[in-house]
Amino acid sequence: MSEFIDYYLILDISPSSTEDEIRAAIRSSLREWQKRTGHPDLERRQGAEKRIKDIAEAEAVLFDPAKRSAYDRTRTEKVREGTGRAEVDEDLNWMERTLLHLRHGDLRKAEYAAREATHQSPKNPDAWQLKAETSRELEKFDDAVYELEEATKLSPGDSSIVFDLANVFNDMGQYPQALAEYEHGRTLDPENFYFDIGKATVYLSTDQETEAIKILEPIRAANPGDDAANNYLAIAYHDRCVSIGTDIGGGSTLVTTAPDAEAVNVLMDKALALDITDPELKSLVVERQAETKELLEKSWIFSTYLEMNGFIEFAKRSVFLFCAGILLFSMFASAGNAGSVLGIFVLGGIGYLLVQSKWFVPGWKHNAYAVRKHKTDMVIARFRSYM
């Protein structure tokens, strides 16, 4: 009989959660557990791989209305029968029980079992490390730091403990400490590139996408099939694209130059070429790439111009150009029929070039025009406030 997994429990969501809430939980969980697949401890790596598999199964079930309905009925029966959670073998010790409850996402029982494990074996660094893992899952980060420090006292130089401590500091937003621990772990376990991936996640969290890309590109090149390397590099490319351009306030940017438009297109092409396993991330990258392609594609700016300046301004400029054209044509016409024909060709050429250069332009020029108009409006509004 196959093991029953409570998908809502491992995703830490309510059974009544919407698809958007489930999607967000899956995305967050996948990113977290993918980092743990590089854990120096084999048992924890295997546990992370098992959790990722469970999350993938949860996604397949919870996004299919028929499967979710059937699963919810089964879950209700399991809960009613008292078999919906992990059945614990009485012969298991407290550490084994903690691992079992963690695997099933039952954090309340895992916390209790981990506490008993540290009481029973206070000199065992594995017990303290397991207790810290439980505290981290419960977002009791200060407790996790203390417990990992106790584990370190008992087992100095253990790279798996250093890895956990770095991840906890990362979760807490204490990025200098996280970087220091990732660096320390790298010296203890030079072959484990997940310490470098950890550093890259710190740079991503602190808006240093370029530094993250420098770390992640060689890792992905050496390990093209690694999910975390592919996904985090895709995130780095995406976030770098978002940061390129002219600041328009509110943390937003617009690409307003040809070099920037080329740069974001190159980055998004690289992102799309990666083997992205996170469906949400994949969708985001595809959407962003479509937007960056529009930056290089030409389209009529007529509607944008009208929106920014209004019809009266457009009419004024049109009348001016028309009058200038009539004057120029009359000059050619004074030379006779040949001059008239030549004037038509000249005016037609000028008109074509004018349309191509001013009215049929790539997307980044639309943005540049919009930004200039926005800045002009702000200056006018500031000037009027002083009057």
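Described below are features of the structure shown in this document. (Residues numbered from 1 in each chain as written. Predicted model: local features only at pLDDT ≥ 70, side-chain atom pairs only at ≥ 80, totals over all residues. Heavy atoms only, no water.)

**With respect to the overall build of the chain**
Of the regular secondary structure elements, the chain holds 18 helices and four strands. Buried positions account for 40% of the 387 residues belonging to the chain. Only carbon and sulfur atoms are counted for the fraction: they give 56% of the accessible area of the chain, which is about 21000 Å². (Helix = DSSP H or I, 4+ residues; strand = E, 2+ residues; numbered from the N terminus. Buried < 20%, exposed > 50% of the residue type's maximum accessible area, 1.4 Å probe, protein only. Areas by Shrake-Rupley, 256 points an atom, 1.4 Å probe, with all protein chains shown as cover.)

**What about the side chain of S17?**
Looking at where S17 falls in the secondary structure, it is placed in the loop between α1 (7-11) and α2 (19-36). One polar contact links the side chain of S17 to the main-chain carbonyl oxygen of S14, over a distance of 2.6 Å. Beyond its immediate sequence surroundings of up to four residues, S17 is in contact with I22 and R68. (Polar contact = N/O pair within 3.5 Å; in protein donor to acceptor, adjacent residues only side chain to side chain. Contact = heavy atoms within 4.5 Å.)

**Looking at the pattern of salt bridges**
Two side chains that carry opposite charge are able to pair once their charged atoms sit near each other. Enumeration over the complete set of coordinates arrives at 15 salt bridges. Of the charged contacts in the structure, one is a salt bridge between R68 and D72, with a shortest N-O distance of 4.0 Å. Taken together, the positions of R68 and D72, both in helix α4 (residues 65-81) and four residues apart, correspond to about one turn of that helix. Judged by relative accessible area, R68 falls into the buried class, the value being 15%. Of the charged contacts in the structure, one is a salt bridge between E111 and K140, with a shortest N-O distance of 2.7 Å. With E111 in helix α6 (residues 107-120) and K140 in the loop between α7 (125-137) and α8 (141-154), this residue pair connects regions lying 29 residues apart in the sequence. Sharing partners across several salt bridges, the network here consists of E19, D20 and R23. (Salt bridge = Lys/Arg side-chain N within 4 Å of Asp/Glu carboxyl O.)

**A look at the packing of helix α11 (residues 194-205) against helix α12 (residues 209-222)**
One can describe the packing of α11 onto α12 by two numbers: an axis separation of 8 Å at closest approach and a directional angle of 155°. Regarding the angle of α11 to α12, the classification is roughly antiparallel. For the pair α11 and α12, the crossing hand works out as left-handed. In this structure, α11 uses D196, I197, K199, A200, Y203 and L204 to contact α12, whose residues at the interface are E209, E211, A212, I215, L216 and I219. Taken together, the residues of the contact of α11 with α12 sort by class into eight nonpolar, no polar and four charged. (Axes fitted to C-alpha atoms, helices over the stretch in contact; angles between N-to-C directions. Parallel < 35°, antiparallel > 145°, perpendicular 65-115°, else oblique. Left-handed = near helix turned anticlockwise from the far one by under 90°. Nonpolar A, V, L, I, M, F, W, Y, C, P; charged D, E, K, R; others polar.)

**Things to note about the nonpolar core**
I197, A212, L216, Y232, Y237 and V285 are the most contacted members of the largest nonpolar core, which totals 50 residues. Examining the composition of this core, we find that nine residues originate from one element, helix α13 (residues 227-243), more than from any other. Aside from chain neighbours lying at most four places away, what touches V285 is A234, M268, A271, L272 and I276. Formed by 19 residues, the second largest nonpolar core is a distinct cluster that contains I10, I13, W33 and I52. (Core = buried A, V, L, I, M, F, W, Y, C linked by side-chain atoms within 4.5 Å.)

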